[in-house]
Each structure stands twice: as C-alpha cells, then as structure tokens.
Amino acid sequence: MRSERLRVPGANLYYEVRGSGPLVLFIPGGGGDAASVDPIAEVLEDRFTVVSLDPRGYSRSVLDGAQETQRVETQSDDVFRLLNHLTDEPALVVGGSSGAIVGLDLLARHPDRVARLVAHEPPCFAVLPDAAEQRAMIEEVYTLFRTEGLAAASARFLAGIGNAMKPAPEVAELPPRTAEMWTRLMANGPLMMEYELREFTSYIPDYAALSAVADRLVLAVGRETRGCLPYRPAVEIAERIGIEVTEFPGAHNGMRTEAAEFAAQLAETFAAHLRV
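I will try to describe carefully the structure that is included in this document. Note on numbering: residues in each chain are counted from 1, in written sequence order. Per-residue local features of the predicted model are confined to residues with pLDDT of at least 70, and side-chain atom pairs are confined, for both listing and counting, to 80 or more; whole-chain, interface and lining totals are unaffected and use all residues. Think of the side-chain values as coming from all heavy atoms in the structure, minus any hydrogens and water.

1. Focus on the packing of helix 4 (residues 131–148) against helix 6 (residues 176–195)
Fitted lines through C-alpha atoms give the axes, limited to the stretch in contact for helices. The angle between two N-to-C directions lies from 0 to 180 degrees. Here a helix means four or more residues in a row that DSSP labels H or I, a strand means two or more in a row labelled E, and each is numbered from the N terminus. Taken N-terminus to C-terminus, the directions of helix 4 and helix 6 make an angle of 125 degrees; their axes are 9 Å apart at the nearest point. Overall, the two elements helix 4 and helix 6 adopt an arrangement that is oblique. Crossing of helix 4 over helix 6 shows left-handed handedness. Within the contact between the two elements, helix 4 uses Val141, Tyr142, Phe145 and Arg146 and helix 6 uses Pro190, Met193 and Glu194. Under the convention adopted here, Pro, Cys and the residues Ala, Val, Leu, Ile, Met, Phe, Trp and Tyr are nonpolar, Asp, Glu, Lys and Arg are charged, and Gly plus all remaining residues are polar. Among the residues making up the contact of helix 4 with helix 6, the classes are represented as five nonpolar, no polar and two charged. Between 65 and 115 degrees an angle is taken as roughly perpendicular, under 35 as roughly parallel, over 145 as roughly antiparallel, and anywhere else as oblique. The handedness criterion is simple: a crossing whose near helix is rotated anticlockwise from the far helix by less than a right angle is left-handed, and one whose near helix is rotated clockwise is right-handed. Any two residues whose heavy atoms approach within 4.5 Å at even a single point are treated as in contact.

Shown next, in the form of structure tokens:
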C-alpha cells in the first residue's frame with residue numbers, strides 16, 4: 001500500500017492505494033477516513049486497485065483555512081479531481097452513508113467518470129415523506145451536541161436511526177494501524193456533528209440526472225437495517241428513478257462488521273459490470 005496527497009481547491013487530500021486491477025474508489029461515511037475500508041480492501045486488493053481517501057477536513061486531509069460547513073458538492077468535486085488524477089477511464093465507486101451521498105452527487109454531475117456506483121444507505125432524510133420529523137430529530141441531535149457534548153448527541157442519533165449500527169470495537173484490543181484509525185475517528189466525530197450532519201442529511205439527489213444513468217447505480221441497503229431509518233432513503237430514491245434496492249450483508253456499518261461477505265458481494269457486482 002502507498003499513501004499519496006493531492007492538492008484540491010482549499011485542501012490537501014490524503015489517499016491510499018493498494019492492489020492491482022480495475023480501480024475501485026471508496027468514499028467513507030461521515031467522519032471516516034481512508035483506513036475505514038481496510039477490512040474490505042484486504043479482500044479485494046488481489047483483484048482490484050483499491051483507493052480510499054480522507055475527506056477534506058478529516059484525519060490527514062488538511063484544509064487551507066479554518067473548519068467550515070462541509071458541502072456535498074465540494075466533497076464530490078474533490079472525488080472528481082482525485083479520479084481525474086488517477087485514471088482516464090470511468091471508475092468503480094463505493095460510498096457508505098455520507099459517502100454514498102457524495103457518490104450520488106458525483107454520478108449525477110460527472111457520469112462519464114463513474115462506471116458503476118454502489119451507494120450504501122445514503123442518509124438523505126430530506127427525501128422521505130416524514131422529512132420534517134427527521135429534520136427535527138437531526139436538529140435535536142445538533143442541539144444536544146452544542147449543549148451536552150458528543151456522547152449525548154451520539155446516543156440520540158443512534159436512537160433516532162433505530163440503533164442501526166453495530167458497536168465499535170474496544171480500541172485497546174486492536175492492532176496499531178486500526179487503533180490509530182479509531183483515534184482519528186474519535187477526533188473526527190465532533191467535526192462531523194458540527195459541520196456535516198445537518199447539511200448532508202438535507203441533501204436531495206438530482207433524480208433526473210440519476211434516472212439517465214440508473215443502469216450504473218446500485219442503491220444498497222443493509223439486510224439487518226430493514227425497518228430502520230437508514231434503509232428508507234435508498235428505497236425512496238430507487239422508486240423515484242425506477243430501480244430496486246439491493247440488500248448487502250450487515251447493518252448500516254456492514255462494510256466493517258461483515259467485511260468479508262460485503263466484499264464478496266461487491267466483487268460479484270463489479271464482475272457482472274466488467275463482463276458486460
């Protein structure tokens with residue numbers, strides 16, 4: 001594995017590359033970073049060139065100035081620039097949670113750069129029939145963060161999404177690279193709450209643009225999140241653009257907790273595309 005950096009407007013992006021074969025770019029969820037996909041990358045790197053990044057302002061991707069509100073279109077542009085830097089060919093892209101929102105925006109704005117996108121449970125709560133209720137929940141989470149701190153806000157958020165995430169591991173029991181990642185993620189958590197959560201959950205995809213390239217989009221949901229809030233936006237978006245959702249192993253964080261099974265299904269999905 002090698003680590004590299006790319007200058008983009010307003011930031012210095014950190015990314016990692018490993019493996020060989022067709023390029024697969026992973027976009028982590030809110031507060032995540034390049035190492036978040038390690039368990040999946042370890043399965044895929046013998047067949048694919050796996051690229052992952054720290055989104056701007058998180059972990060090792062440093063902003064030129066002060067922290068500011070994270071914009072979907074800005075992160076999408078960062079990924080677009082990274083893909084242009086890495087390859088002349090359309091790439092396979094995987095986005096989880098907030099990263100799935102970035103992936104949807106990338107596909108809508110730059111369809112020529114995406115061969116296939118797997119967007120796993122994008123938390124686009126604004127697309128739901130009960131969007132006002134979900135917006136109120138997010139505002140309550142944000143208020144708790146500002147008044148009582150990250151722990152109280154996180155507990156409210158997890159309850160609000162129906163406890164759709166499996167617990168994080170004990171950092172003391174992890175190997176050094178993974179423990180270092182979790183230390184970074186804990187530092188990223190307050191930034192995500194302050195600068196990203198409200199903005200990203202308010203995002204509404206460009207249905208017309210996505211409908212035109214629906215054959216390149218896999219809207220993925222966790223098999224164990226049926227009935228939970230994170231499952232629902234993908235279903236709504238799929239209905240709007242005329243496709244079906246595809247269930248993947250695990251819950252909202254299934255890419256970590258069921259990595260081997262999740263990676264196997266990703267490989268099958270990409271192989272089917274590459275055979276066409």
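2. Remarks on the pattern of salt bridges
One side-chain nitrogen of Lys or Arg within 4 Å of one carboxyl oxygen of Asp or Glu is enough to make a salt bridge. Summed over all chains, the structure comprises 24 salt bridges. Among the ionic pairs, Arg7 bridges to Asp64, the shortest N-O distance being 2.8 Å. Here Arg7 is found in strand 1 (residues 2–8), whereas its partner Asp64 is found in the loop between strand 5 (62–63) and helix 2 (72–86), with 57 residues between them in sequence. Its relative accessible area of 49% is what places Asp64 among the partly exposed residues. Among the salt bridges present, the one from Lys166 reaches Glu224, with a minimum N-O distance of 3.2 Å. Taken as a pair, Lys166 in the loop between helix 5 (150–160) and helix 6 and Glu224 in the loop between strand 8 (217–222) and helix 9 (232–241) lie far apart in primary sequence, 58 residues in all. In this structure, a network of salt bridges that share partners links the residues Glu16, Arg18, Asp33, Asp38, Asp54, Arg60, Arg177 and Arg184. For the exposure calls, accessible area comes from a 1.4 Å probe over protein chains only, and a residue counts as buried if that area is under 20% of its type's maximum, exposed if over 50%, partly exposed in between.

3. Structural notes on helix 2
What a helix is expected to span follows from its residue count: subtract one and scale by 1.5 Å. The end-to-end C-alpha separation of helix 2 is 21 Å, in line with the 21 Å expected for 15 residues at 1.5 Å each. Every buried residue of helix 2 is listed here: Val72, Gln75, Ser76, Asp78, Val79, Phe80, Leu82 and Leu83.

4. As for helix 3 (residues 98–109)
Over its 12 residues, helix 3 runs 17 Å from end to end, which matches the ideal 16 Å to within 8%, given 1.5 Å per residue. Where burial is concerned, most of helix 3 is hidden: 11 out of the 12 residues are buried. Burial in helix 3 covers these residues: Ser98, Gly99, Ala100, Ile101, Val102, Gly103, Leu104, Asp105, Leu106, Leu107 and Ala108.

5. What about the side chain of Arg116?
Along the chain, Arg116 falls in strand 7 (residues 114–120). Polar side-chain contacts of Arg116 include one of 3.0 Å to the backbone oxygen of Asp215. In protein, a polar contact means a hydrogen-donor-capable atom and an acceptor-capable atom, both N or O and within 3.5 Å, with residues adjacent in sequence counting only if both atoms are side-chain atoms; elsewhere, any N or O pair within 3.5 Å suffices.

6. Section: the pairing of strand 7
Taking burial as the measure, the seven residues of strand 7 include seven buried ones, the bulk of the element. Examined bridge by bridge, strand 6 (residues 91–96) and strand 7 share six bridges and lie parallel to one another. Opposite Ala91, over in strand 7, you have Val114 as the bridge partner. With strands facing away from the observer, any crossover in which the path from the first strand over the helix to the second runs clockwise is taken as right-handed. As a crossover connection, the stretch from strand 6 through helix 3 into strand 7 is right-handed. Here a strand pair is declared whenever DSSP counts at least two bridges between the two strands.

7. Structural notes on the packing of aromatic side chains
Ring pairs are drawn from Phe, Tyr and Trp, using the six-membered ring of Trp, whenever the two centres fall within 6.5 Å, and their geometry is named by plane angle: stacked under 30 degrees, edge-to-face over 60, tilted for the rest. This structure, assessed with the given rule, holds two aromatic pairs. Each ring, one from Phe48 and one from Phe270, has its centre 5.8 Å from the other, and the planes form 70 degrees; the classification is edge-to-face. Linking Phe48 in the loop between helix 1 (38–44) and strand 4 (49–54) with Phe270 in helix 11 (residues 259–275), this pair joins segments that are 222 residues apart in sequence. Just as Phe48 is buried, Phe270 falls in that class too. Ring geometry for Phe248 against Phe262: centres 4.8 Å apart, planes inclined by 40 degrees, an arrangement best described as tilted. One end of the pair, Phe248, is in strand 9 (residues 246–248); the other, Phe262, is in helix 11, with 14 residues separating them in the sequence.

8. Remarks on the nonpolar core
Side-chain atoms within 4.5 Å link the members of a nonpolar core, which is a set of buried Ala, Val, Leu, Ile, Met, Phe, Trp, Tyr and Cys residues. Ranked by internal contacts, the top residues of the largest apolar core, which has 64 residues, are Leu217 and Leu219. For this core, the leading source of residues is helix 3, giving seven residues. Membership of the second largest hydrophobic core comes to 22 residues, among which are Ala41, Leu44, Val50 and Ala115.

9. Here's the deal with the environment of Arg184
Residue placement: Arg184 occurs in helix 6. Along the sequence, Arg184 and Arg81 sit 103 residues apart, while their C-alpha atoms lie 24 Å from each other. In this structure Arg184 touches Asp33, Ala35, Ser59 and Arg60, once residues within four positions along its chain are discounted.

10. Re the packing of helix 5 against helix 6
What describes two packed helices is the angle between their axes and the distance between those same axes. Between helix 5 and helix 6, the shortest axis-to-axis distance is 11 Å and the interhelical angle comes to 65 degrees. Here helix 5 lies roughly perpendicular to helix 6, going by the angle between them. When the axes of helix 5 and helix 6 are compared, the crossing they make is left-handed. Mapping the contact onto sequence places Leu150, Ala153 and Ser154 in helix 5 and Gly189, Pro190 and Met193 in helix 6. Class assignment for the residues of the contact of helix 5 with helix 6 results in four nonpolar, two polar and no charged.

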